Amino acid sequence: MKKFTLALDLVNDPILIQEYIEYHKNIWPEIALSIKEAGILNMEIYNIGDRLLMIMETTDAFSFENKAAADLANPKVQEWENLMWKYQKA
């Protein structure tokens, strides 16, 4: 098993941050499936102000390159990603 910790900054707006959190309480089924198919076994997300910390546990075969390629080929994941850019800093 591999373990990764990632950080992301959100747009510093309490209303947008709350919307982002609400989206992630009930992610779309296609997003959950893409996570599982990539070899992500467990994912925890913590919110501290406008900063998110994500801890991922994955299979040994997991790679960010393979996940990115699969995400690019998945229209529903692309729709989700485009929606989430409203909330995230580049």
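Up top is the structure these notes are about.
Keep in mind the model is a prediction, meaning the values are calculated, not measured.

Draft legend 1. Inspection of the packing of aromatic side chains at higher detail. For the coordinates displayed, the defined rule picks out 7 aromatic pairs. Measuring from ring centre to ring centre gives 4.9 Å for phenylalanine 4 and phenylalanine 64, while their planes differ by 75°; the resulting arrangement is edge-to-face. In this pair, phenylalanine 4 is assigned in strand β1 (residues 2-9) and phenylalanine 64 in helix α3 (residues 64-72), connecting sequence segments 60 residues apart. Here phenylalanine 4 falls in the partly exposed class, since its relative accessible area comes to 22%. Here the aromatic cluster, defined as three or more aromatic residues joined through ring pairs, consists of Tyr20, Tyr23, Trp28, Trp80 and Tyr87.

Draft legend 2. Structural context of the environment of isoleucine 21. Within the element layout of this structure, isoleucine 21 appears in helix α1 (residues 14-25). Under the relative-accessibility criterion, isoleucine 21 is labelled partly exposed at 23%. When the C-alpha positions of isoleucine 21 and alanine 69 are compared, they lie 26 Å apart, and in sequence the two are 48 residues distant.

Draft legend 3. How the structure looks around the nonpolar core. In terms of nonpolar packing, the biggest core is built from 15 residues, with Leu10, Tyr20, Ile31, Ile40, Met56, Met84 and Tyr87 touching the most fellow members. Contact partners of isoleucine 31, with chain neighbours within four places excluded, come to Lys76, Val77 and Trp80.

Draft legend 4. Just the side chain of glutamine 88, in detail. Counting through the fold element by element, glutamine 88 comes out in the segment after α4 (75-84). By relative accessible area, glutamine 88 is classed as buried at 12%. Apart from the residues within four sequence positions on either side, glutamine 88 is in contact with Leu8, Asp9, Leu10, Val11 and Tyr20.

Draft legend 5. Examining the environment of lysine 76 more closely. With respect to the element layout, lysine 76 can be found in helix α4. As a C-alpha pair, lysine 76 and isoleucine 31 span 45 residues in sequence and 7.5 Å in three-dimensional space. What lysine 76 contacts, discounting residues up to four positions off in sequence, is Trp28, Glu30 and Ile31.

What counts as what
Here, residues in each chain are numbered from 1, in the same order as that chain's written sequence. At least 70 in pLDDT is required for a residue's local features to be given in this predicted model, at least 80 for side-chain atom pairs to be given and counted, and no such filter applies to totals for whole chains, interfaces and linings, which use all residues. The basis for the side-chain values is all heavy atoms of the structure; hydrogens and waters are excluded. Pairing of aromatic rings covers Phe, Tyr and Trp, the last through its six-membered ring, and needs centres within 6.5 Å; plane angles under 30 degrees mean stacked, over 60 mean edge-to-face, and all others mean tilted. Strands here mean DSSP runs of E at least two residues long; helices mean DSSP runs of H or I at least four residues long; both are numbered from the N terminus. Categorising residues by exposure relies on relative accessible area from a 1.4 Å probe, with only protein chains included: less than 20% of the type maximum marks a residue as buried, more than 50% marks it as exposed, and the intermediate range marks it as partly exposed. The criterion is simple. A nonpolar core is a set of buried Ala, Val, Leu, Ile, Met, Phe, Trp, Tyr and Cys residues joined through side-chain atoms within 4.5 Å. We call two residues contacting when some pair of their heavy atoms lies within 4.5 Å.

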